[in-house]
Each structure stands twice: as structure tokens, then as C-alpha cells.
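Okay, here's what each chain looks like letter by letter:
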Amino acid sequence: MVFKMMAAFRTPRKLNRSFAVSLMLFALLALFGAFMALPLIYAVNNAFKPLDELFIFPPRFLVVNPTLENFYDLFALMGNSWVPLSRYIANTLLITIVGTAGHILLASAAAYPLAKYRFYGSSALFSIVVLSLMFSPHVTAIPNYMVMSWLGWINTHASIIIPSLAFPLGLFLMKQFMEQIPDALLEAAKIDGASEYRIYWSIVMPNVKPAWLTLMILQFPMLWGSDGGSFIYSENLKTLHYALGQITLGGIARAGVGAAVALILMIVPITLFVISQSSVMQTMATSGMKD
Amino acid sequence: MQTETNANPAKDAIRPMRQSRLARIGKELNRSKHYYLLMSPYMIIFFLFTVIPVALSLGLSFFYFNMLEFPRFVGWQNYSRLFLNDDIFMIALKNTLMFAVITGPISYFACFVFAWIINELSPKARAFMTLIFYAPSISGNVFFIWLIFFSGDSYGYLNGFLMKTGFLLEPIQWLLDEKYILPIVMIVQLWLSLGTSFLAFIAGLQTIDKTLIEAGAVDGIKNRWQELWFITLPSMRPQLMFGAVMQITASFAVADISIALAGFPSVNYAAHTVVTHLMDFGTIRFEMGYASAIATVLFFLMIGSNKLTQKVLRKVGE
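Basis of the calculations
Residues numbered from 1 in each chain as written. Chains lettered and ligands numbered in written order. Predicted model: local features only at pLDDT ≥ 70, side-chain atom pairs only at ≥ 80, totals over all residues. Helix = DSSP H or I, 4+ residues; strand = E, 2+ residues; numbered from the N terminus. Rg over C-alpha atoms; globule rule 2.2 N^0.38 Å. Buried ≥ 20, exposed ≤ 12 C-beta atoms within 10 Å, placed from the backbone. Contact = placed C-beta atoms within 7 Å. Expected span 1.5 Å × (residues − 1). Nonpolar A, V, L, I, M, F, W, Y, C, P; charged D, E, K, R; others polar. pLDDT = per-residue confidence, 0-100. Axes fitted to C-alpha atoms, helices over the stretch in contact; angles between N-to-C directions. Parallel < 35°, antiparallel > 145°, perpendicular 65-115°, else oblique. Left-handed = near helix turned anticlockwise from the far one by under 90°. Domains from an automatic or database assignment. Core = buried A, V, L, I, M, F, W, Y, C linked by C-beta atoms within 7 Å.

A.B. asks: Can you walk me through the overall build of chain B in this structure?
C.D. replies: A tally of regular secondary structure across chain B gives 15 helices and 2 strands. In terms of C-alpha radius of gyration, chain B reaches 27 Å, well past the compact-globule figure of 20 Å for 318 residues. The principal-axis extents of the C-alpha atoms in chain B amount to approximately 105 × 70 × 40 Å. Residue burial in chain B is summarised as follows: out of 318 residues, 41% are buried. Relative to all contacts within chain B whose residues are 6 or more apart in sequence, the contacts with residues 24 or more apart total 69%.

This is how it looks when you write it as C-alpha cells:
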């Protein structure tokens, strides 16, 4: 009896590790943190290096005399190109915004019935979605091209946007997150006479805002980094990523501009993640797979 | 006698039941028509670009098809050629399995270990470290920075460093030497593999019921390792399952990094994977039937190893 009480007093205490182990774990984290961060820090530094620092020997990691020269060069270069830079930016924005917003809308509309109701085919459909998480889109690349050409979507933005609307990961995460919406809330709305569509739009959607942001952070970098692949060949339909890739192919003469390009391409998705991090973590907490 | 009289009324009783069951299905479908309607936009696209293509790919793998002539049925010929007469496929398969066996599990454990350590930090530090570890996986094609790092001339950082410190006299062509290509692609693949599953693990660790840990202490859990095995891991088994699927699928699908770093095709196919082999036949040689056979093999490889891993993970903490 006394022992039990003593144990009860002790329990709130966390199990402590020794100082040596803590130090070791900290060192491990710092070491690998550096491994993860250095290439990105390097990318930032490179973008601000003047040309003579880019080709210094032995190579130097950090910038000494930062300059915006590379960015001026980039805009000058893009202003002179055959298709204006604004066109590439518009294409990328169109693909990214329509693709991301549409994905969130469609995936949540499909996730709501799957999360909250049982009906014919619901569990079968969800298992197919889970199964499709287990293989990469490469498997379907060839038949996809045939389906595209059959639909007449080759060389249109639809060929990039439409398939991305139905990526399985978004539906999966959305469904798992929606399961925690209390049933009582939906029941109350039903008693008040709201239709299923009304419930979806006015009750479910506002309650899954963290999941919107999560789907965005997963979808956005993919579309932002899309270069059109084999589906788009008209120059005026190509994306920013493709245009910037062409610049870096310019080799040594374009090394500075290339570094500026790399910075622009990576800064946008990372900024989005910084903004949405806490919502993303909330969604991920429900991401588990139950067998 | 008695059974006969009993059998007939029973039959009559069953028949209307059956009809009403059909009617019930109809009613049920009607009742849930709103759900089908809500799901339809997503599901139509999903079937059109994921489910049907898998079936098409499976079917096409038994045909000879070059996009110009009408497909010609060849039976198992594509598969026999793939496994018996295609040495490069064997290299690709070997490399892909290397990725699956080495980078898959390492990245999975790395995701968990770093999530575990990061979880102990204060909220601000946790958010910062999460960003550092997660950033490479969303920063797009920035992995070409590694091209400069591993560049073959003395301007490359690795060569520059090793020559300055005296380990090397001459620069090494890191990305053109068969010996180094595959390990380098693996390192870069690991660098950007702390993605969705890493986030899922951190989130999973944060939602573990604190009372469970206290109860565990009462029940005689003595150290961190016991806590990890008996409480932490079983509590986040769903996240572990999810993370495994993400990491396995990614490790079988290595292609872009290999192409960006080692070229396409890489020197002596040293970094050739099943996916780059698929691209070779699908987008360059236009042997669509053969490419579909490769895609089908890849499909079953991915599904098979996912299912196997899930079976193993179910045993965690038992």
C-alpha cells in the first residue's frame, strides 16, 4: 500500500536520460541538421554572390560581398526572351492555383461521405484509394498519355491540372481528419433541415481548415515545380519552372542567374510551409492507417 | 409429413424477403445518392487517371504496341524478354531493390529518430528543426545544388575540400565513375526523403496520451527504451503504417534524382532504376507494350513490399 502511494507520487516525473546521452542526441541532431540545411543555405548564398566569387578557387561557401546583380541579370534576360517572363509566371500561377484549390475542393467533397457515412461501395472505394497510395504515378504514366490524347488534352493546361485534382494522398488525409468532426454537429444541422451539400459546405468545410492547408502544402510544390512534362510542347503554355530550367542550361555564363533561379523556385514552397506549419501538424496527427 | 407442410410456407416467406431486399438496396442507393454525387467529380478523375490506367497497363503488357500500328497480342513474350533477355533491366531491378533495401529503411528510421528527438524540444525549437528537416523535400529541384557539390572538376566542393586537406591530388569524377554514382544518388535521395511521414511521426508523437506514459511508469517501465517499445510505438502504430507506405513507395520510385545527377542514361547504367528503364522504353523507344510490362512489374513490387511491411509493423510492441 505504502509502495503504491510512493509510486503514485513519483509518476509525474519524466523518465530522464543521463547527461551523456542527451549530449549525444543533441550532437546527432546538430550534425544531421547541418547536413539538411547546408545545401539550402548554400543556395541562398550563391544567389547573392557576384560572378568572381562564384568561380573562386578554392570554392568558398558563404558570400562575402552580397549583390543583387544576379536578379537584375535574370530580369534583363527574361525581358529579352521570345516569350515574355510574365507569360511563364501566368501559366505557373494558373496551374498551381487552379490545381491546388480544385484538389482541396474535390478531395474534401469526396472525403466527407467516406468519413461520416457507410453506404454501398464506400469502404471498397476507400480501400482502392489507400491501395493507390502504395504505388507511384510512374506506373500509370503510359496509359495516362493515351487517355490524355483520347480526350484531346495533349498540349493544354488541363493535362497537368485535371489529373492532379484527384491525387489519392489528399483524399486520404482529408478523410482521416474529417472523422474527428463530432456526429452530433452534423445531426443538429440535419434536424435544422440542411441538405447534405449545405452540411458539407457550411459545417464540414469550415471545420477542416487545417486540412486545407495540409493539402495545399502537399499539392503546391508539386504543381509549382511542374515543367509540363511530355504533355505540353507549345512555348507559350510552358511553365516558369521550365523557363528557368532552360536558363540554367546556359552553363558557366549563366551560373549566377541559375543560382538566383534556384532561390526563387525554392523560397515559395518553403515560405508557404512556414505559414501553415501548425495546421499541417494538426492534420498529420490524424494521418494514421488502421491496418 | 410435417416437414413438407413446413417447407412450403417457409419458401413463400423467403421470396418476398428477397424482393424487399432488392428494394432495400434500391432505397439505400437512393438515400445515399447525395453522397455519390458529392464523390463523383473526384472519383471520375481518380478512375480515369489512376484506376483505369493501371488496368490498361496490365492489359497492354501482353501486346506489342508502338503507338502507330494496331496493338498485336504477344502473350507472355514481353515478360520473358524482360526477365530473360534484358540485362539492363536486371541492372535497373538490382539498383531499385538497393534503393528499396537501403534508402527505404534508413529514411524510415531517420524520419522516426529525428521526429523522436525533435519532439523533446521546446515548441519554438521544434517548429524550427521541423522546418530544417522538412524543407529539402518541398524545395523542388534544388537538389541540383548537389551537382556543384559533387562536380567532377576541382571547383566541386567535395573535390576542392579533399584536395585542400590533402586527401586527394587529382579531382575525382564523382558522377561519372560507376563506383560512386549509386551511393551519391542514395545520399541525395536520403537528403530529401524526410517528407510527409516525418511530419506524420512528429504529429503522432505529440498526440500520445500522457496518462499512458504515467500509467506505464506505475506498471514498472524503467527506461526510455521500454517506454519507446511498450508505449510510444504501439500508440503511434497508425502513423507508422502510413509513414511506411510513403517511404516504401518513394524508394521504389527513384528516377528524377538519378536523371538530374547521373544523367539519362547514366554511365554504364550505374544509376539506372526500374522507373528510368520504364521512361526509356515508354518515352524514347515507344515500345509501349514492353514499357507496360515494366510498369506492371513495378506495380506488383510496390504493392507487394507495402503489404509485407504492414504485416511486419502489425507486430510492433507485441
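A.B. asks: I keep staring at the overall build of chain A and nothing clicks. Help me out?
C.D. replies: Along chain A, the regular secondary structure elements total 14 helices and 0 strands. The order of helices and strands in chain A, counted from the N terminus, is α-α-α-α-α-α-α-α-α-α-α-α-α-α. The C-alpha atoms of chain A give 25 Å as radius of gyration, which overshoots the globular expectation for 291 residues (19 Å, by more than 25%). Considered along the principal axes of its C-alpha atoms, chain A spans approximately 75 × 65 × 35 Å. For chain A, the proportion of its 291 residues judged to be buried stands at 40%.

A.B. asks: Explain helix H12 (residues 209-224) of chain A to me, please; I cannot follow it from the model alone.
C.D. replies: Owing to its 3.6 residues per turn, the α-helix brings residues three or four apart onto one side. The first and last C-alpha atoms of H12(A) sit 22 Å apart over 16 residues, in line with the 22 Å expected at 1.5 Å per residue. Of all the 16 residues making up H12(A), 13 are buried; the element is thus mostly covered by neighbouring parts of the structure.

A.B. asks: So what exactly am I meant to see when it comes to the interface of chain B and chain A here?
C.D. replies: Where interface size is quoted, it is often the accessible area lost as the parts come together. Contacts between chain B and chain A engage 82 residues on the former and 73 residues on the latter. Classifying every residue of the side of chain B that touches chain A gives 55 nonpolar, 21 polar and 6 charged.

A.B. asks: Which parts of the structure should I look at to understand the confidence of the model for chain A?
C.D. replies: In low-pLDDT segments, the atomic positions of the prediction should not be examined closely. On average, residues of chain A score 84 in pLDDT, and 91% of them are at 70 or above. The model gives residues 1-13 of chain A a pLDDT under 50, and that stretch makes 5 contacts with residues more than four places away or in other chains.

A.B. asks: Any chance you could explain unusual backbone geometry here in plain terms?
C.D. replies: A negative phi angle is the norm for most residues apart from glycine, just as the trans form is the norm for most peptide bonds. Between B:Phe264 and the following residue, B:Pro265, the backbone shows a cis peptide bond with an omega angle of -5°. Despite not being glycine, A:Asn155 shows a phi value in the positive range, around 65°. As for its position among the elements, A:Asn155 is in the loop between helix H7 (141-151) and helix H8 (158-165). The class of A:Asn155 is partly exposed, set by 15 C-beta atoms lying within 10 Å. For B:Met67, which is not glycine, the phi dihedral falls at a positive 75°. Summarising the element assignment, B:Met67 is placed in the loop between strand S1 (63-64) and strand S2 (72-73).

A.B. asks: Where do I start with the packing of H7(A) against helix H2 (residues 33-60) of chain B in this structure?
C.D. replies: Packed helix pairs are characterised by how far apart their axes lie and by the angle those axes make with each other. Where H7(A) meets H2(B), the axes come as close as 8 Å, and the angle between the chain directions of the two elements is 110°. Put simply, H7(A) runs roughly perpendicular to H2(B). Crossing geometry of H7(A) relative to H2(B) is assigned as right-handed. Counted together, A:Ile142, A:Pro143, A:Asn144 and A:Val147 of H7(A) and B:Leu48, B:Phe49, B:Pro53, B:Leu56, B:Ser57 and B:Leu60 of H2(B) form the full contact between these two elements. Partitioned by chemical class, the residues of the contact of H7(A) with H2(B) number 8 nonpolar, 2 polar and no charged.

A.B. asks: In this structure, what is going on with the domain arrangement of chain B? I would like to understand it.
C.D. replies: All names here are of chain B. Segmentation of chain B into domains returns domain 1 (2-73) and domain 2 (78-313). Between the C-alpha centres of domain 1 and domain 2 the distance comes to 38 Å. Across the contact, 12 residues belong to domain 1 and 10 residues belong to domain 2. Among the residues making up the side of domain 1 that touches domain 2, the classes are represented as 9 nonpolar, 3 polar and no charged.

A.B. asks: Hey, could you run me through the nonpolar core in this one?
C.D. replies: Here is a general trend for soluble globular proteins: nonpolar side chains tend to be buried in one another's company. Counting residues in hydrophobic clusters, the biggest one holds 159 residues, and the most contacted among them are A:Ala110, B:Tyr42, B:Ile294 and B:Leu298. Among the elements that line this core, the one with the most residues is helix H14 (residues 255-284) of chain A, at 12 residues. The residues that make up this core include at least three from each of domain 1 (2-73) and domain 2 (78-313) of chain B. Not counting the four nearest positions on each side in its chain, B:Ile294 is found in contact with B:Leu82, B:Val274, B:His277, B:Leu278 and B:Phe281.

A.B. asks: Looking at this structure, how should I read the confidence of the model for chain B?
C.D. replies: Residue and element names in this part refer to chain B. Chain-level pLDDT for chain B is 86 on average; 93% of the residues reach the 70-or-more range. For chain B, helix H1 (residues 2-31) is the element with the lowest average pLDDT, namely 66, and H2 is the one with the highest, namely 93. Predicted as a complex, the structure gets a pTM of 0.86 and an ipTM equal to 0.85.

A.B. asks: Would you explain the packing of helix H5 (residues 85-116) of chain A against helix H13 (residues 240-248) of chain A in this entry?
C.D. replies: All names here are of chain A. Where H5 contacts H13, the axes come no closer than 7 Å and their chain directions differ by 135°. By the angle between their axes, H5 is oblique relative to H13. Across the interface between the two elements, Tyr-88, Ile-89 and Thr-92 from H5 touch Leu-240, His-241 and Ala-243 from H13. When the residues that make up the contact of H5 with H13 are grouped by side-chain class, the tally is 4 nonpolar, 2 polar and no charged.

A.B. asks: Looking at this structure, I do not really get the environment of A:Val83. What am I missing?
C.D. replies: Residues and elements named next belong to chain A. As for its placement among the helices and strands, Val-83 is situated in the loop between helix H4 (69-80) and H5. Of the residues examined, Val-83 has 15 C-beta atoms within 10 Å and is grouped as partly exposed. Separated by 153 residues in the primary sequence, Val-83 and Asn-236 place their C-alpha atoms 6.5 Å from one another. Excluding its chain neighbours within four sequence positions, the residues that come into contact with Val-83 are Tyr-88, Glu-235 and Asn-236.

A.B. asks: So what exactly am I meant to see when it comes to the environment of A:His157 here?
C.D. replies: All names here are of chain A. Inspection of the secondary structure assignment puts His-157 in the loop between H7 and H8. Given 18 C-beta atoms within a 10 Å radius, His-157 is considered partly exposed. Separated by 81 residues in sequence, His-157 and Lys-238 place their C-alpha atoms 9.0 Å apart.

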